[in-house]
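As a plain string of letters, each chain reads:
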Amino acid sequence: MALDAETRDQLIDTVRRFVAEKLRPIEAQVADDDAVPPEILAEMRALGLYGLTIPEEYGGLDLSMEDECLVGIELGRTSPAFRSAFGTNVGIGSQGLVMFGTPEQKAKWLPDIASGELVTSFALTEPEAGSDSASVQTRATRDGDVYVLNGAKRYITNANKAGLFTVMARTNPDIRGGGGVSAFLVPRDLPGLSIGKPEKKMGQQGAHICDVIFDNVRVPVENRLGGEGEGFKVAMQVLDRGRLHISSVCIGVAERLITDCVAYATERKQFGQAISSFQLIQGMIADSKTEAMAARALTLESARKRDSGQSVTLEAAASKYYASEMVGRVADRAVQIFGGAGYVADYGIERLYRDVRIFRIYEGTSQIQQVVIARETLKRGG
Ligand code: COS
């Protein structure tokens, strides 16, 4: 549901101030500690950030895709690790339940997801099923009124904090592709479910990814999300939405970096003048600005299309492809404009340069987005 313009503007203003006043000052500390302080997580819960996309009847704000992207852009103006703390509740960890859950499933879990009491994770990727996500090998074998889950998931965001996982597992081993896969809502406390240690990563310290291991985990039949064999399509539709959300964060980071570049280039003097007066510096700023504007236009247009009820598989892939590649170029130019200062830790530019690298990989690599864009374009005849 779309907020009225005034409420939407108030929300965006509140998030912008929270980012500027509370999050930006502690970016470096969060990266050093590899943890977001508990009092900041509590403030995020109080602001309603965990429930941005959860329907109002379950305590969320029920943002439209466009409004979610506008908030995502604001959240992008700081270290992406902050957004990640509630990103799975807003996106891939909750949206399968929101889109395909039964009324009973929704009533049981969505209120706690919206409030942030319950953190959710999306468990699709496996050691042998990354881009080829239809080939998941985690098995779910029916045994009376339970499914018995066995297997391992990899690089699962927020797994170490999650109380509920949306797990894609193979219910029919005779069907090799997505048609043999079903989705399940799996509470963390079921016996046999264990979590690996957080991986050491290139960037986004403070956000964690871990393995999730299932050893004869008995999941009640009523926890299946959608019908048997529908799990892959659940995952793909969740990702259509998630890819637009990630695009918006890429835009926010790019806009922040451009602002930082302008401030630095205006103040930094070489050859007796501010480096912003040099046309070669201006050229980099112009390229970054133009590309960030293009990504914003593409993503918001795609979000509005989704809000009007249309399929956005192509548009979400195109937005994610363009916005994630764009922010990589913008971050690279930012390091160049800052020069030596861009390479040392104090200025935070090298940290954002590392942080944005994952955007070209998770929720589908750029190459997978190209595959999706090409397939959809061929299907549509142009
Ligand atoms: N919405 C609804 N249905 C979809 C869909 C979408 N966005 N994408 C695919 N499907 C359906 C297809 O229509 C097809 O249905 P039928 O069997 O009824 O025809 C089925 O799902 C299988 O689709 P497809 O044949 O395209 O599957 P592929 O195995 O070729 O793989 C890609 C599709 C590569 C696009 C998919 O595996 C993918 O997105 N991979 C990347 C996964 C990813 O993002 N991982 C990150 C992990 S989450 S952080």
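Bear in mind that the values here come from a model prediction, so they are computed numbers and not experimental data. (Residues numbered from 1 in each chain as written. Predicted model: local features only at pLDDT ≥ 70, side-chain atom pairs only at ≥ 80, totals over all residues. Heavy atoms only, no water.)

Undergrad: Would you mind going over the domain arrangement of the chain with me for this structure?
TA: Note: interface size is frequently given as the accessible area lost on complex formation between the parts. For the chain, the domain assignment lists domain 1 (5-115), domain 2 (120-229) and domain 3 (233-380). For domain 1 and domain 3, the distance between their C-alpha centroids amounts to 20 Å. If you look at the interface, domain 1 gives 26 residues, while domain 3 gives 29 residues. Between domain 1 and domain 3, a total of about 2500 Å² is buried, with carbon and sulfur atoms accounting for 63% of that surface. Linking domain 1 to domain 3 there are six salt bridges. As a salt-bridge pair, Glu27 and Arg351 come within 3.4 Å of each other at their nearest N and O atoms. (Domains from an automatic or database assignment. Contact = heavy atoms within 4.5 Å. Buried area = accessible area lost by both parts, 1.4 Å probe. Salt bridge = Lys/Arg side-chain N within 4 Å of Asp/Glu carboxyl O.)

Undergrad: Help me out: how do you make sense of the site of the ligand in this one?
TA: Among the 19 residues in the neighbourhood of the ligand, the closest are listed as Ser131, Ser133, Lys233, Arg243 and Arg375. Side-chain polar atom of Asp240 to a nitrogen atom of the ligand: 3.0 Å apart, as the coordinates give it. Between an oxygen atom of the ligand and a main-chain N or O atom of Gly364, the distance comes to 3.0 Å. Bound to the protein, the ligand loses 66% of the 1000 Å² it would expose on its own. Elements with a minimum of two residues in the shell around the ligand: helix 8 (231-267) and helix 13 (366-380). (Near = heavy atom within 4 Å. Polar contact = N/O pair within 3.5 Å; in protein donor to acceptor, adjacent residues only side chain to side chain. Areas by Shrake-Rupley, 256 points an atom, 1.4 Å probe, with all protein chains shown as cover. Helix = DSSP H or I, 4+ residues; strand = E, 2+ residues; numbered from the N terminus.)

Undergrad: Would you mind showing me how to read helix 1 (residues 5-23) here?
TA: An α-helix turns once per 3.6 residues; consequently, residues spaced three or four apart project the same way. An ideal rise of 1.5 Å per residue puts 27 Å on 19 residues; helix 1 measures up with 26 Å between its terminal C-alpha atoms. For helix 1, the secondary structure elements touched by its buried residues are helix 2 (27-33), helix 3 (38-47), helix 4 (65-75) and helix 5 (80-90). (Expected span 1.5 Å × (residues − 1).)

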